[in-house]
Number of protein chains: 2
Amino acid sequence: MLNSSNLKKIGQQTGKLTKKAVLIGTGTIVGPKEGQGPLKNNFHEIIKDELLGMPSWEQAESELLYRACHHALGNAKIDLQELDYFIAGDLLNQTVSSNLVAKKMQIPYLGLFGACSTMTESLLLSAIIIESGLGNNVMAATSSHNKGLERQFRFPTEYGGQRPPYAQWTVSGAGAGILSNSGTGPQVTYITPGKVNDWGIFDPYDLGSAMAPAAYDTLNAHLKDTGRKVSDYDMIITGDLGVQGTTMLREMCKQDNLEIEAVHHDCGIMVFGSDQDAHAGGSGCACSAVVMYGYIYNLLTSAHINKVLLMATGALHNPQIVQQNVSIPSICHGISIENSMTGGDKIG
Amino acid sequence: MLNSSNLKKIGQQTGKLTKKAVLIGTGTIVGPKEGQGPLKNNFHEIIKDELLGMPSWEQAESELLYRACHHALGNAKIDLQELDYFIAGDLLNQTVSSNLVAKKMQIPYLGLFGACSTMTESLLLSAIIIESGLGNNVMAATSSHNKGLERQFRFPTEYGGQRPPYAQWTVSGAGAGILSNSGTGPQVTYITPGKVNDWGIFDPYDLGSAMAPAAYDTLNAHLKDTGRKVSDYDMIITGDLGVQGTTMLREMCKQDNLEIEAVHHDCGIMVFGSDQDAHAGGSGCACSAVVMYGYIYNLLTSAHINKVLLMATGALHNPQIVQQNVSIPSICHGISIENSMTGGDKIG
């Protein structure tokens, strides 16, 4: 028992799954701006009214998350009652949109806070539960809402303040995925939970710069722990570094003789077109969630790609500590998802 | 493989651990008011200045959490580098005191939000990681700070507003526990993650009433799933229901012919003396954390008691949704901790 346990933890911070952990279905929903972007054909629902008939932005975000969960259930073709755990988190204070969805779901709920890294944090935890054998089907979900979050973290959008060119646009949307110990679909093979990095960024508009070091750290740890090379992956996908953070990550990799440009993509850059006035790209928990559970999942299930490393990044500040002149800590959780027909490591 | 997996999930929402998951050490720290309470001899550190020399209440809370973690490491006699995961959360917006501690720890970090249920949520997740074999030593930790949280959730304490008699006093303190797949100490045997309950409480001062239904729900699920009786436990411990919530929980149990009074204790009632002007008792993430990782852990390791069911409760609202007239959802996560010499279920 103890030996097999030690075999699963490889290197400093990576875990190797020995059981089947299949992403049997996903669900995504986005707002009108995201629905006009280049990935529009990959989302399960595009809404026209960002309020969704709710009385507040917070409750609208919760409705987005709720609908994404039901799209995932429908696509996975399983019943809500077959889920053993609902694992979710978001950026609102006290992760309130997730809490309100959990109230409707009525299944055991584990709430997370990982800022925009919640997409991979929740999926990584789902994989741990499947590996533990304590659950058969686990749902991982996250959301964000441009209007509610701009108000909470910066200024109400009605204020109309000018945003610097390196600022990103918080995505309105939600994504959910269902991980199961049976069924068919892409499988989670490795998890690399991240450590907190802080390179001394104090500007809450410049989250790409704050998060790039975390992405670099987790990528390095993952490659070192697994013995894999960048070229082993068809795609290495960061969450929401945007133009600023992507430039910084690639520069850091280059200095380390790590050539990632051929396979690296950032959800923040992918989600909006350059004509959409989103400045440095998209951000928010939903940014990586809708791109990964929509576009990337479609690429995997259609076998256009077979091996991806997902690395959602998160900035772990709040407005108070920024005002108190504390620099912005950040994190990045990595997770490998692969089609089992690929020639890579055999899944036990 | 699949069969053993199904054996671990018992009933609707309980998991049965098959591997050794030992609480090898704990650490606690409390503020001056808590340090004058009836449990004062059970804490590892009592501070005199609630600011701890830091420039803000938020940073003071983070320092509390950091010190509790180091007390736990010292008591468990293991090095920080031997920890595979740091699992923590708190009540501050974006769980910022946990994030700042994770930055100092430099080990893989999973951030949680479960409000005051974070004590058992984090320990429950640690047990899942141990059961999965993906980690050998996991630290679970949480904190709260009276001054920072009163300001965030209600009014700055300097305002001096009068509090209703059913209001509770947020505990300043932090607690941490280290769960390991080897070593000696009390062991986690069952986990019962909670579902979200909401009985329509709108008053953010009356969190005992909001949380009591969640405690009742999880207690019922745990007993039904495991086939255990109330009398199988030496103590059944709720987190921070206070006087109001405890009265309500016991009343609900009585109506269900469940006699819990002989073994039920509430950390919120235990942590302050009746002469300490804490109204309905203590609350906050640290309330259950310091009582459980201090007093209860001491009772277990000294074999005064051998079998406890910990049930930390959490109110999952934020000030915005309360102002939007949304009722307060709540949750309770249950976890059984036992000395292995007891005659109960054999641990595999």
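Residues numbered from 1 in each chain as written. Chains lettered and ligands numbered in written order. Predicted model: local features only at pLDDT ≥ 70, side-chain atom pairs only at ≥ 80, totals over all residues. Heavy atoms only, no water.

The next subject is helix 9 (residues 285-301) of chain B. Residue and element names in this part refer to chain B. The end-to-end C-alpha separation of helix 9 is 23 Å, in line with the 24 Å expected for 17 residues at 1.5 Å each. Burial analysis of helix 9 places 14 of its 17 residues in the buried class, which makes it a mostly covered element. Positioned one or two residues after helix 9, Ala303 has a phi angle of 60 degrees, which is positive. (Helix = DSSP H or I, 4+ residues; strand = E, 2+ residues; numbered from the N terminus. Expected span 1.5 Å × (residues − 1). Buried < 20%, exposed > 50% of the residue type's maximum accessible area, 1.4 Å probe, protein only.)

For the rest of this paragraph, the subject is the pairing of strand 8 (residues 173-180) of chain B. Residue and element names in this part refer to chain B. Across the 8 residues of strand 8, 8 count as buried, placing the element largely inside the fold. Burial of strand 8 is two-sided: the residues Gly173, Gly175, Gly177 and Leu179 facing one way and the residues Ala174, Ala176, Ile178 and Ser180 facing the other way are all buried. With 8 bridges joining them, strand 3 (residues 22-30) and strand 8 adopt antiparallel strand pairing. The residue of strand 8 that forms the bridge with Gly25 is Ile178. One ladder, built from 8 bridges, connects strand 6 (residues 137-144) with strand 8; its direction is antiparallel. Bridging from a neighbouring strand, Asn137 pairs with Ser180 of strand 8. (Pairing = 2+ DSSP bridges.)

A word on the relation of the copies chain A and chain B. Under the fitted operation, chain A is carried onto chain B by 0.0 Å of movement along the axis and a turn of 180 degrees, and the coordinates agree to an RMSD of 0.0 Å. Classification of the inter-copy transformation places it as that of a two-fold axis. Looking at the interface residues of chain A, 100% of them are also at the interface in chain B, so both copies use one shared face. (Least-squares fit on C-alpha atoms with pLDDT ≥ 70 in both. Contact = heavy atoms within 4.5 Å.)

With that settled, consider the side chain of Thr313 of chain B. Its location among the elements puts Thr313 of chain B in strand 13 (residues 307-315). In contact with Thr313 of chain B, other than residues within four places in its own chain, are Cys116, Ser117, Met211, Ala215, Gly239, Asp240, Leu241, Ile331 and Cys332 of chain B.

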